[in-house]
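Summary of the model geometry
These are the residues of each chain, in order.
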Amino acid sequence: MSRSPAVHDPSRSFAVASRAPVGEDPSASLRAGADTSPASLGRKNVDGAGRIAEELGSAIVAGVYQPHALVPGELALSRRFGASRTVVREAFKLLSAKGLITSRKRSGTRARPREAWHMLDADVLAWRLKNGEAEPKFLFDLLHVRAVVEPAAAAMAARSHTPETLQAIEAAFTEMERAAHDPIRFADPDIRFHKAILAATDNDVMVAFGALTEAALGMFVRAASRHAGAPAPSVPLHRAVLVAIQRRDAEGAHAAMMALLSRTARNVERNVGPAPARHKSPPGRGSPRRGSRRSAKPSK
């Protein structure tokens, strides 16, 4: 008697986290003398939901589940993770809020197409960059968004910074100088430097780009560190940004940040190849030229 051919189940393709139960029976914890306060049980549910959301969300952005494809249901995930169905529903809510899934009665829970994803969500960005890898197009997408946002942010910071927000930029830069020949130590102050500039704009919407900047820098620092002497050559370029901000030179800050991002773009091209056709223009092309009023005037 011949066996029927095995059917590939995409739900088995994404990594399964520890099977330690989440959302377990409260009575078991009570018998063990554990903390069973509503706050404690709520934390367990949130932690468990986050773990499930990360596994399934990572699989969706990695393409394990194509747009409109069914993802594992409540019962399957409940069994796989040893979680209550309430916890699984919370995970679905998290993923739905990020634009990754949609759930409907009778049609089940399905992956949403890429254009529906909330690309600036910190988790979605992290999952797309998981394991230190990303498709070249996405890297250049990040570069071009940074070229739009960060030079403008530097100009705004030059005009709007306070002693406190400027001190945060200066402190991050000091640490960058000390770690100039250590890519691992350099990454954290580099991220803080750029996020501190966003904070110094005194613009809440601009600050919201911090998650994108952090995710992008994590990738770009790794790319730059593959070259001899990195990341030391970028330190003078960061210094130029800082000095312009200190002088309240909005035009100079804009130009200095563009120079820094241009170097980053060249490093990315050396590592992943030339930009896709529609990305051929250098980051920032078409932005206001130095000396124009638009480059110096921050908008809130």
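Residues numbered from 1 in each chain as written. Predicted model: local features only at pLDDT ≥ 70, side-chain atom pairs only at ≥ 80, totals over all residues. Heavy atoms only, no water.

1. Some words on the overall build of the chain
Within the chain, the secondary structure is distributed over 13 helices and two strands. A total of 300 residues make up the chain; the buried ones form 42% of that total. Accessible surface, the chain: about 16,200 Å² in total, of which carbon and sulfur atoms supply 53%. (Helix = DSSP H or I, 4+ residues; strand = E, 2+ residues; numbered from the N terminus. Buried < 20%, exposed > 50% of the residue type's maximum accessible area, 1.4 Å probe, protein only. Areas by Shrake-Rupley, 256 points an atom, 1.4 Å probe, with all protein chains shown as cover.)

2. What about the packing of aromatic side chains?
Here a ring pair, both rings aromatic, is described through the centre-centre distance and the interplanar angle of the planes. Scanning all chains against the criterion turns up one aromatic pair. Both rings, one in Phe173 and one in Phe193, keep their centres 6.3 Å apart while their planes meet at 50°; by these two values the pair is tilted. In this pair, Phe173 is assigned in helix 7 (residues 163-178) and Phe193 in helix 8 (residues 183-200), connecting sequence segments 20 residues apart. For the pair formed by Phe173 and Phe193, the shared burial category is buried. The aromatic ring of Phe138 is capped on one face by Arg128, whose charged end is 3.8 Å from the ring centroid. (Phe/Tyr/Trp six-rings, centres within 6.5 Å; stacked < 30°, edge-to-face > 60°. Lys NZ or Arg CZ within 6 Å of the ring centre and 35° of its normal.)

3. Here we look at the pattern of salt bridges
Going through the model one piece at a time under the given rule, you end up with 10 salt bridges. A salt bridge links Arg89 to Glu74, with the nearest nitrogen and oxygen atoms 3.3 Å apart. Remark: Glu74 occurs in helix 3 (residues 74-81) and Arg89 occurs in helix 4 (residues 85-97); sequence separation between them is 15 residues. Judged by its relative accessible area of 38%, Arg89 falls in the partly exposed class. (Salt bridge = Lys/Arg side-chain N within 4 Å of Asp/Glu carboxyl O.)

4. What about the packing of helix 6 (residues 136-160) against helix 12 (residues 250-272)?
Two numbers describe how helix 6 lies on helix 12: the axes approach to 8 Å, and their chain directions differ by 160°. Our classification of the angle between helix 6 and helix 12 gives roughly antiparallel. The hand of the helix 6/helix 12 crossing is right-handed. Residue-level contacts link Leu139, Phe140, Leu143, Arg146, Ala147, Glu150, Pro151, Ala152, Ala154, Ala155, Ala158 and Arg159 of helix 6 to Ala250, Ala253, His254, Met257, Met258, Leu261, Thr264, Ala265, Val268, Glu269 and Val272 of helix 12. (Axes fitted to C-alpha atoms, helices over the stretch in contact; angles between N-to-C directions. Parallel < 35°, antiparallel > 145°, perpendicular 65-115°, else oblique. Left-handed = near helix turned anticlockwise from the far one by under 90°. Contact = heavy atoms within 4.5 Å.)

5. A short note on unusual backbone geometry
Residues other than glycine seldom take positive phi values, yet His68 does so here, at roughly 75°. Positionally, His68 belongs in the loop between helix 2 (38-61) and helix 3. In the Ramachandran plot, Arg248 falls in the positive-phi region, its phi being about 60° despite a non-glycine side chain. Examined against the element boundaries, Arg248 turns out to sit in the loop between helix 11 (235-246) and helix 12. Judged by relative accessible area, which is 43%, Arg248 ranks as partly exposed.

6. Here we look at the confidence of the model for the chain
The pLDDT averaged across the chain works out to 79; a share of 71% of its residues lies at or above 70. Confidence scores differ between elements of the chain, with helix 1 (residues 26-31) showing the lowest mean pLDDT of 36 and helix 11 the highest of 98. Below a pLDDT of 50 lies the segment residues 2-8, which in the model reaches one contact outside its immediate sequence neighbourhood of four places, other chains included. When the criterion is pLDDT under 50, residues 15-44 qualifies, and its contacts beyond four places in sequence or with other chains add up to 36 contacts. (pLDDT = per-residue confidence, 0-100.)

7. Thoughts on the environment of Met219
By the secondary structure assignment, Met219 is in helix 10 (residues 210-224). Here the alpha-carbon distance between Met219 and Lys130, two residues 89 residues apart in the chain, equals 9.9 Å.

8. Comments concerning helix 11
Here helix 11 spans 16 Å end to end across 12 residues, near enough to the 16 Å set by a 1.5 Å rise per residue. Regarding helix 11, the residues found buried are Val235, His238, Val241, Leu242, Ala244 and Ile245. Taken together, the buried residues of helix 11 touch helix 6, helix 7, helix 8 and helix 12. Just beyond helix 11, the residue with positive phi is Arg248, at close to 60°. (Expected span 1.5 Å × (residues − 1).)

9. As for the nonpolar core
Within the largest apolar cluster, 34 residues are counted, with the highest numbers of intra-cluster contacts made by Ile169, Phe193, Ile197, Val241, Ile245 and Met257. When contributions to this core are tallied by element, the ones reaching two or more residues are helix 6, helix 7, helix 8, helix 11 and helix 12. Of all the elements, helix 6 adds the most residues to this core, at eight residues. The next biggest cluster of nonpolar side chains, apart from the first, holds 23 residues, and it includes Leu56, Ala59, Leu77 and Ile101. (Core = buried A, V, L, I, M, F, W, Y, C linked by side-chain atoms within 4.5 Å.)

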